[in-house]
Amino acid sequence: MKENRRAPLRIVSLAPSATSILWAIGARRALVGVTKWCADVAPVDKLPKLGDCWHMESVDEILRLKPTLVIGSVPYKQETVAKLLEQRFNFLAMNPRTLSDIEADIRMLGGITQRAAAGEHVVKKMRRAFSQFEKLARRRKQRVRVYCESWPNPRISSPPWVSELVNICGGEMVVPAGEKITEAQVAVARPEVIVLAWAATGTRADPEQAYKVTAWKDVPAIRNRKVYVISDELLNTPGPPLVEGARALYKLFHPENRMRERT
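Here the structure is a predicted model, which means the values were calculated and not measured.

Draft legend 1. Just the overall build of the protein, in detail. Secondary structure assignment for the protein yields 11 helices and 10 strands. A compact globule built from 263 residues would reach a C-alpha radius of gyration of about 18 Å, and the protein, at 19 Å, matches this within 12%. C-alpha atoms of the protein, sized along the principal axes, occupy 65 × 40 × 30 Å. The buried share of the protein, taken over its 263 residues, is 51%.

Draft legend 2. Layout of the side chain of Ser20. In this structure, Ser20 sits in helix α1 (residues 16-24). The exposure class of Ser20 is buried, given its relative accessible area of 4%. A polar side-chain atom of Ser20 sits 2.8 Å from the main-chain carbonyl oxygen of Ser17. Residues within four places of Ser20 in sequence aside, it is in contact with Val41, Thr237, Gly239, Pro240 and Pro241.

Draft legend 3. Highlighting helix α3 (residues 78-85). Where α3 is concerned, the buried positions are Thr80, Val81 and Leu84. Viewed along the axis of α3, the buried residues span an arc of 95°, placing them on a single side of the element. Along α3, the residues that are exposed and aim more than 90 degrees away from the buried face are Gln78, Glu79 and Leu85. Looking at the buried side of α3, the elements it contacts are α2 (60-63) and β5 (90-94).

Draft legend 4. Representation of the packing of α1 against helix α4 (residues 99-112). Their axes nearest at 10 Å, the elements α1 and α4 cross at an angle of 60°. Overall, the two elements α1 and α4 adopt an arrangement that is oblique. The chirality of how α1 crosses α4 is right-handed. Each of Ala18, Ile21 and Leu22 in α1 lies in contact with α4, whose residues at this interface are Asp105, Ile106 and Leu109. When grouped by side-chain class, the residues that make up the contact of α1 with α4 number 5 nonpolar, no polar and 1 charged.

Draft legend 5. Looking closely at the sheet that holds strand β3 (residues 49-50). Strand order in the open sheet formed by 5 strands is β3-β2-β1-β4-β5, and the pairing between neighbours is parallel. With partners counted over all chains shown, the strands left at the sheet margins are β3 and β5, one partner each. Of the strand pairs in this sheet, strand β4 (residues 69-73) and β5 are connected by 5 bridges, and their pairing is parallel. In the sheet register, Gly72 faces β5, and the bridge partner there is Ala93.

Draft legend 6. Up close: the pairing of strand β6 (residues 144-152). Counted residue by residue, β6 has 7 buried out of 9 residues, so it is predominantly covered. Bridging between β6 and strand β9 (residues 193-196) involves 4 bridges; their strand directions are parallel. Bridging across to β9, Tyr147 finds its partner in Ile194. Of the pairings in the sheet, the one linking β6 to strand β7 (residues 155-157) comprises 3 bridges and is antiparallel in character. Paired with Pro152 across the two strands is Arg155, which belongs to β7. Adjacent in sequence and paired antiparallel, β6 and β7 are bridged by 2 residues.

Draft legend 7. Structural context of the pattern of salt bridges. Tallying each qualifying case throughout the model produces 8 salt bridges. Here Asp218 ties to Lys217 by a salt bridge, and the two come within 3.9 Å at their closest N and O atoms. Accessibility expressed as a relative area gives 44% for Asp218, which makes it partly exposed. Between Arg247 and Glu244 there is a salt bridge, with its nearest N and O atoms 2.9 Å apart. Taken as a pair, Arg247 and Glu244 lie in helix α11 (residues 242-253) at a separation of 3 residues, close to a single helical turn. The exposure class assigned to Arg247 is buried, which follows from its relative accessible area of 13%. Sharing partners across several salt bridges, the network here consists of Glu103, Arg107, Glu120 and Arg127.

Scoring rules and cut-offs
Residues numbered from 1 in each chain as written. Predicted model: local features only at pLDDT ≥ 70, side-chain atom pairs only at ≥ 80, totals over all residues. Heavy atoms only, no water. Helix = DSSP H or I, 4+ residues; strand = E, 2+ residues; numbered from the N terminus. Rg over C-alpha atoms; globule rule 2.2 N^0.38 Å. Buried < 20%, exposed > 50% of the residue type's maximum accessible area, 1.4 Å probe, protein only. Polar contact = N/O pair within 3.5 Å; in protein donor to acceptor, adjacent residues only side chain to side chain. Contact = heavy atoms within 4.5 Å. Arc of directions from axis to C-beta. Axes fitted to C-alpha atoms, helices over the stretch in contact; angles between N-to-C directions. Parallel < 35°, antiparallel > 145°, perpendicular 65-115°, else oblique. Left-handed = near helix turned anticlockwise from the far one by under 90°. Nonpolar A, V, L, I, M, F, W, Y, C, P; charged D, E, K, R; others polar. Pairing = 2+ DSSP bridges. Salt bridge = Lys/Arg side-chain N within 4 Å of Asp/Glu carboxyl O.

In structure tokens, the structure reads:
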């Protein structure tokens, strides 16, 4: 997408990931509206708060902001996207699955906002941070068996990029990533650590629910009381917040180590 040089970009972000990226690359002035969840990942309190790609009462609140570009990301609701596609503004739908996809999104938004160099800098900064966690994690030869959960009912495992972060930090995701998971699957996988990062709940995920699952009574993570909560935005926001998500995972997997970080 090429910017219209006669008028500045006016971006409405319906995705915290997009907002976090735009903020990190220095394109914050282009933002004219954000979703209510974006305040968890960027200091956007003064901007108008709108719905998101899952739930939106009306697109009128977006139209009032006269955007040149509206950005959304997963999860999408078909009816909401249909409303957006009926409008005359440009709509960019992001659907990253891997860390590589996330890097591509950062570069894409850098190009759209004429902040390509800044976008590349953010990508390299994230890579350096992940590389440090990976290097530190190699000190422990045996990997931690991990189940990360993004939703409890139905049970959904965390997205593929979280599985990559788990691996970087010295763990191994023991169930398929980003899929509906049965309690029996988790029981058979026998994770040593269970991480709850329930979407749109912040830190309100409830470990006690995991301890009450009958099928999990012999799971090592349950027996050893190793069910932890990581704030949802740190693992479920496919953008710069993942660095802090990786940091949180590393600390869970390696409580014996005191990191000396340079990030």
